[in-house]
Amino acid sequence: YGPDNVVIEIADISQLPLYNQDIEKNPPSSVVAWQEKIKTADAFLFAVCENNYCVSAAMKNALDWASRPNLWAKKPATMMGAGGGAGTLRAQLALRQICQFLDIYVLPKPELFIRSFEEPKKFDDKGDLIDPTTQKRVVDQVIALYTAGVKWNRSMV
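Residues numbered from 1 in each chain as written. Predicted model: local features only at pLDDT ≥ 70, side-chain atom pairs only at ≥ 80, totals over all residues. Heavy atoms only, no water.

A. Spatial organisation of the layout of surface pockets. Within this model, the largest pocket holds a volume of roughly 1,500 Å³. Of all the secondary structure elements, the ones that give two or more residues to the lining of the largest pocket are α1 (29–40), β1 (44–47), α2 (57–65), β2 (76–83) and α4 (132–155). Here the lining of the largest pocket takes nine residues from α4, the largest share from any one element. (1 Å grid on protein atoms, 1.4 Å probe; cavity = no way out; pocket = protein on both sides within 12 Å on 5 of 7 lines; lining within 4 Å. Points joined across faces, edges and corners; volume = space filled by probe spheres on them. Helix = DSSP H or I, 4+ residues; strand = E, 2+ residues; numbered from the N terminus.)

B. Quick look at the packing of aromatic side chains. All told, the structure shown has five aromatic pairs when counted by the stated rule. Grouping aromatic residues by their ring pairs yields a cluster made of Trp34, Phe44, Phe46 and Trp72. Over the ring of Tyr53 we find Arg90; its NZ or CZ atom is 4.0 Å from the centre of that ring. (Phe/Tyr/Trp six-rings, centres within 6.5 Å; stacked < 30°, edge-to-face > 60°. Lys NZ or Arg CZ within 6 Å of the ring centre and 35° of its normal.)

C. Expanded view of the environment of Gly149. Tracing the chain through its elements places Gly149 in helix α4. Taking relative accessible area as the criterion, Gly149 reaches 6% and is therefore assigned buried. Put simply, Gly149 and Asp42 are 107 residues apart on the chain and 6.4 Å apart in space, counted from C-alpha to C-alpha. (Buried < 20%, exposed > 50% of the residue type's maximum accessible area, 1.4 Å probe, protein only.)

D. Representation of unusual backbone geometry. With an omega of 0 degrees, the peptide bond running from Arg68 to Pro69 counts as cis. Cis geometry marks the peptide bond from Glu119 to Pro120; its omega dihedral reads 0 degrees. Of note, Pro120 is situated in the loop between β4 (112–115) and α4. Positive phi, normally seen in glycine, also occurs at Asn52, with a value near 50 degrees. Assignment of secondary structure puts Asn52 in the loop between β1 and α2. The backbone of Asp103 sits at a positive phi, close to 60 degrees, despite the residue not being glycine.

E. Geometry of the environment of Trp34. Residue placement: Trp34 occurs in helix α1. Separated by 111 residues in sequence, Trp34 and Leu145 place their C-alpha atoms 21 Å apart. Not counting the four nearest positions on each side in its chain, Trp34 is found in contact with Ala11, Ile13, Leu16, Ala62, Trp65, Ala66 and Trp72. A distance of 2.9 Å separates the side chain of Trp34 from the backbone oxygen of Ala62, its partner in a polar contact. (Contact = heavy atoms within 4.5 Å. Polar contact = N/O pair within 3.5 Å; in protein donor to acceptor, adjacent residues only side chain to side chain.)

F. Summary view of the nonpolar core. In this structure, Trp34, Phe46, Val48, Leu63, Trp72, Leu95 and Ile104 are the most contacted members of the largest nonpolar core, which totals 25 residues. Elements with a minimum of two residues in this core: α1, β1, α2, β2 and α3 (89–101). (Core = buried A, V, L, I, M, F, W, Y, C linked by side-chain atoms within 4.5 Å.)

G. Spotlight on the pairing of β1. Going residue by residue along β1, you find Phe44 and Phe46 tucked away on one face and Leu45 and Ala47 left uncovered on the opposite face. Sheet topology note: the β1/β2 ladder contains four bridges and is parallel. Note that in β2 the partner of Phe44 across the bridge is Ala77. Between the parallel pair β1 and β2, the chain is carried across by α2, and the sense of this crossover is right-handed. (Pairing = 2+ DSSP bridges. Right-handed = clockwise from strand over helix to strand, strands pointing away.)

H. Structural context of α3. The end-to-end C-alpha separation of α3 is 19 Å, in line with the 18 Å expected for 13 residues at 1.5 Å each. The complete set of buried residues in α3 reads Ala91, Gln92, Ala94, Leu95, Ile98 and Cys99. The buried residues of α3 all sit within an arc of 160 degrees when viewed along its axis, so they share a single face. The exposed residues of α3 that point more than 90 degrees off its buried face are Gln97, Gln100 and Phe101. In this fold, the buried residues of α3 make contact with β1, α2, β2, β3 (105–106) and β4. Note on α3: the residue one or two positions beyond its end, Asp103, has a positive phi of about 60 degrees. (Expected span 1.5 Å × (residues − 1). Arc of directions from axis to C-beta.)

Pasting the structure below:
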């Protein structure tokens, strides 16, 4: 999917401790590694799940650990998610507010709210995306992020 020179790394946030300002000056190695990933990333593609109309606590925790100092700032991002009737719409709106505070440049379009429980079936039993229309929408979003990232990184030189 997408341009050949795009590398998408799935970030494992499961080892991050709960954000604690008392240890931010001397954080654990998992936090240091996380901050380095964010510092060196060209752009961000957020896979958003929705919990109680908001982003998950784990996602907010990961955002917080790289916010002091703000390692997210001035980088492009996009987001997508799969869920019920609104397909993570509310969580993505909440994430957009967080991104605004963190100076993350979220692409306004395309938006992707995958309604998992509507026909045609979007995912197989292993969780792989199988719907061709939705696959194309994901590719379009990755290409838009790639294009924004290339333009942004060229402007920083």
